[in-house]
Amino acid sequence: GNSVTQMEGPVTLSEEAFLTINCTYTATGYPSLFWYVQYPGEGLQLLLKATKADDKGSNKGFEATYRKETTSFHLEKGSVQVSDSAVYFCALSVYSGGGADGLTFGKGTHLIIQP
Amino acid sequence: GAVVSQHPSWVICKSGTSVKIECRSLDFQATTMFWYRQFPKQSLMLMATSNEGSKATYEQGVEKDKFLINHASLTLSTLTVTSAHPEDSSFYICSARGRQGLYTQYFGPGTRLTVL
């Protein structure tokens, strides 16, 4: 089956610090990889994605590279802001026929950025 | 664009009653909708996948007769929790995918169900 493992938080950083949230996966077939973010009181939002090996997804200063050899998709940001405080979910889905299957999520990492 | 709404945002019901949760895609046609369940401080678990006009496909371990899913139109899917019990209390989240963007799901804000 499919599974996603990500570091569990909370992760507490100071503003302008460098961020890494680790994510590794196991999957049958060739998965697409995603990072979703959930701000307090809001629904999940797609942060970035990568659909094949060596692709780099990026958005709002966040980056993640699809590493097939290490089955990883680590999320990074060079300088975090207080507004980045949220829960981050790594996820995967496998394409089958008419579209990607439902997402398999990691447990989520609660990120807290202190001013 | 790509907004998904859920109604209600929260509901409290008595044990043994049924509760219906609606998921709507407001500005696009959702050929596929997904229903997830999220326990406190845990991840989202996929419950079922529904394609417009077809029966839903349930994940292993999800009771079809307890969690009834209907995807009657391209903009509406409903989840009915039948004969709800306290262990059904959870956060239910839907997502929708359109004809374009085969990998992108847009999530609703979720519905908090509390069964007394």
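The coordinates are above.
The present account deals with the structure reproduced in this document. Just so it is clear, the structure is predicted and the values come from calculations on it, not from any experiment.

With respect to the sheet that holds strand β7 (residues 56–59) of chain A
Each strand in a sheet pairs with another by means of backbone hydrogen bonds, the pair being arranged parallel or else antiparallel. All names here are of chain A. Pairing is antiparallel across the open sheet formed by four strands, whose spatial order is β3-β9-β8-β7. Taken across any chain shown, the strands that pair with only one partner, and hence form the sheet edges, are β3 (19–21) and β7. Looking at each pair of strands side by side, their axes are set apart by 15 degrees on average, direction ignored. Strand direction decides the pairing type here: β3 and strand β9 (residues 75–77), joined by three bridges, are antiparallel. In the sheet register, L19 faces β9, and the bridge partner there is K77.

Some details on the packing of aromatic side chains
In the structure shown here, the tally under the stated rule is 12 aromatic pairs over all chains. Here F105 of chain A and Y36 of chain B contribute two aromatic rings whose centre-to-centre distance is 5.6 Å and whose plane-to-plane angle is 80 degrees, an arrangement assigned as edge-to-face. Here F105 of chain A is found in strand β12 (residues 104–105), whereas its partner Y36 of chain B is found in strand β4 (residues 30–38) on a different chain. Given the relative accessible area of 7%, F105 of chain A is considered buried. Exposure remark for Y36 of chain B: the relative accessible area of 0% places this residue in the buried category. Each ring, one from F105 of chain A and one from F107 of chain B, has its centre 6.1 Å from the other, and the planes form 70 degrees; the classification is edge-to-face. One end of the pair, F105 of chain A, is in strand β12; the other, F107 of chain B, is in strand β10 (residues 106–107), on a second chain. With respect to class, F105 of chain A is no different from F107 of chain B; both count as buried.

Describing the interface of chain B and chain A
Counting from both sides, the interface comprises 16 residues of chain B and, opposite them, 20 residues of chain A. Counting the surface lost from both chain B and chain A, the interface buries some 1500 Å², and carbon and sulfur atoms represent 58% of this. Summed over the shared surface of chain B and chain A, the number is zero salt bridges. Linking chain B with chain A are two residue pairs in polar contact (both at pLDDT 80 or more). Those elements that place two or more of their residues in the side of chain B that touches chain A are β4, β5 (44–51) and β9 (90–98) of chain B. Residues belonging to the side of chain B that touches chain A are distributed by class as follows: nine nonpolar, six polar and one charged.

Details of the nonpolar core
Residue and element names in this part refer to chain A. W35, L47, L48, F73, L75 and Y88 are the most contacted members of the largest nonpolar core, which totals 27 residues. Looking at this core, the elements with two or more residues in it are β2 (11–14), β3, β4 (23–26), β5 (31–38), β6 (44–50), β8 (62–65), β10 (86–96) and β13 (109–114). The element that contributes the greatest number of residues to this core is β10, accounting for five residues. Ignoring any residue separated from it by four or fewer positions in sequence, one finds Y88 in contact with Q6, I21, W35, Y36, V37, L47, F62, L75, G108, T109 and L111.

Calculation criteria
- Residues numbered from 1 in each chain as written.
- Chains lettered and ligands numbered in written order.
- Predicted model: local features only at pLDDT ≥ 70, side-chain atom pairs only at ≥ 80, totals over all residues.
- Heavy atoms only, no water.
- Pairing = 2+ DSSP bridges.
- Helix = DSSP H or I, 4+ residues; strand = E, 2+ residues; numbered from the N terminus.
- Axes fitted to C-alpha atoms, helices over the stretch in contact; angles between N-to-C directions.
- Phe/Tyr/Trp six-rings, centres within 6.5 Å; stacked < 30°, edge-to-face > 60°.
- Buried < 20%, exposed > 50% of the residue type's maximum accessible area, 1.4 Å probe, protein only.
- Contact = heavy atoms within 4.5 Å.
- Buried area = accessible area lost by both parts, 1.4 Å probe.
- Salt bridge = Lys/Arg side-chain N within 4 Å of Asp/Glu carboxyl O.
- Polar contact = N/O pair within 3.5 Å; in protein donor to acceptor, adjacent residues only side chain to side chain.
- Nonpolar A, V, L, I, M, F, W, Y, C, P; charged D, E, K, R; others polar.
- Core = buried A, V, L, I, M, F, W, Y, C linked by side-chain atoms within 4.5 Å.

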